[in-house]
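Examining the three-dimensional arrangement
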Amino acid sequence: MDSLSAVPLVYADTESSVEGLKVIFYEGVPWKGKPTRVFEYYGMPSSQPGEKVPAMVLVHGGGGGGGGGDSCRAKGGGGAG
């Protein structure tokens, strides 16, 4: 459980990120002895310091090929494919 409490290394995908939406990868727990990376979109509306903004967290079960690929880029989002 200690490994789940440690802050992972984070890698920003600056090529796929757009204004207001960052594409990020971070180190996950190993799977079958191999390292893994977790894919994340991080978006935040423009705001002033101390101003409250809405929040939403979506956790997907995985099993995909890693990232959004062309379908996300075509809609203006990031993508890792």
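Residues numbered from 1 in each chain as written. Predicted model: local features only at pLDDT ≥ 70, side-chain atom pairs only at ≥ 80, totals over all residues. Heavy atoms only, no water.

A few points about the overall build of the chain
For clarity, the threshold we go by: Strands here mean DSSP runs of E at least two residues long; helices mean DSSP runs of H or I at least four residues long; both are numbered from the N terminus. Classification of residues uses two cut-offs on accessible area relative to the type maximum, computed with a 1.4 Å probe and protein chains only: under 20% is buried, over 50% is exposed, and between them is partly exposed. In this description, contact between two residues means that some pair of their heavy atoms is separated by no more than 4.5 Å.
A count of helices and strands for the chain gives 2 helices and 3 strands. Seen in sequence order, the chain has helices and strands lined up from the N terminus as α-β-β-β-α. Across the 81 residues in the chain, those meeting the buried criterion constitute 11%. Here the analysis covers contacts within the chain between residues at least 6 apart in sequence; of these, 26% occur between residues at least 24 apart.

Quick look at the pairing of strand β2 (residues 21–31)
As a reminder, the rule being used: We call two strands paired when DSSP finds no fewer than two bridges between them.
Note that strand β1 (residues 10–12) and β2 share 3 bridges and pair antiparallel. Opposite V10, over in β2, you have Y26 as the bridge partner. Of the pairings in the sheet, the one linking β2 to strand β3 (residues 34–43) comprises 9 bridges and is antiparallel in character. Within β3, the position partnered with F25 by the bridge is F39. Hairpin geometry of β2 and β3 is characterised by an intervening segment of 2 residues between the two adjacent antiparallel strands and by a positive phi of about 55° at K32.

Quick look at unusual backbone geometry
Positive phi outside glycine occurs at K32, with the angle close to 55°. Here K32 lies in the loop between β2 and β3.

Describing a nonpolar patch on the surface
How we decide: Only residues whose relative accessible area exceeds 30% and that take part in no salt bridge are eligible for patches, with like-charged residues grouped when within 9 Å of each other and nonpolar side chains (Val, Leu, Ile, Met, Phe, Trp, Tyr) grouped when within 5 Å. Only the protein chains shown count as cover for residues, with accessible areas throughout obtained via the Shrake-Rupley method and a probe of 1.4 Å. The term salt bridge refers to a pairing of a side-chain nitrogen on Lys or Arg with a carboxyl oxygen on Asp or Glu at a separation within 4 Å.
Together, M1, L4 and V29 make up an exposed nonpolar region whose accessible area comes to about 360 Å². Look at L4 and you get exposed, because its relative accessible area is 55%.

Overview of the confidence of the model for the chain
Our working definition: For every residue, the pLDDT score states the predictor's confidence, bounded by 0 at the bottom and 100 at the top.
Per-residue pLDDT for the chain averages 77, and the proportion of residues at 70 or more is 74%. In this model residues 70–81 is a low-confidence stretch, pLDDT under 50, and it forms 30 contacts with partners more than four residues away in sequence or in other chains.

Description of the sheet that holds β3
Put simply, the rule reads: Orientation is described by axes fitted as lines to C-alpha atoms, over the contacting stretch for helices, and by angles from 0 to 180 degrees between their N-to-C directions.
Read across the open sheet, the 3 strands follow the order β1-β2-β3; overall the sheet is antiparallel. The sheet is open, and its two borders are formed by β1 and β3, each paired with just one other strand. Averaged over all adjacent pairs, the angle separating strand axes in this sheet is 30°, with direction ignored.

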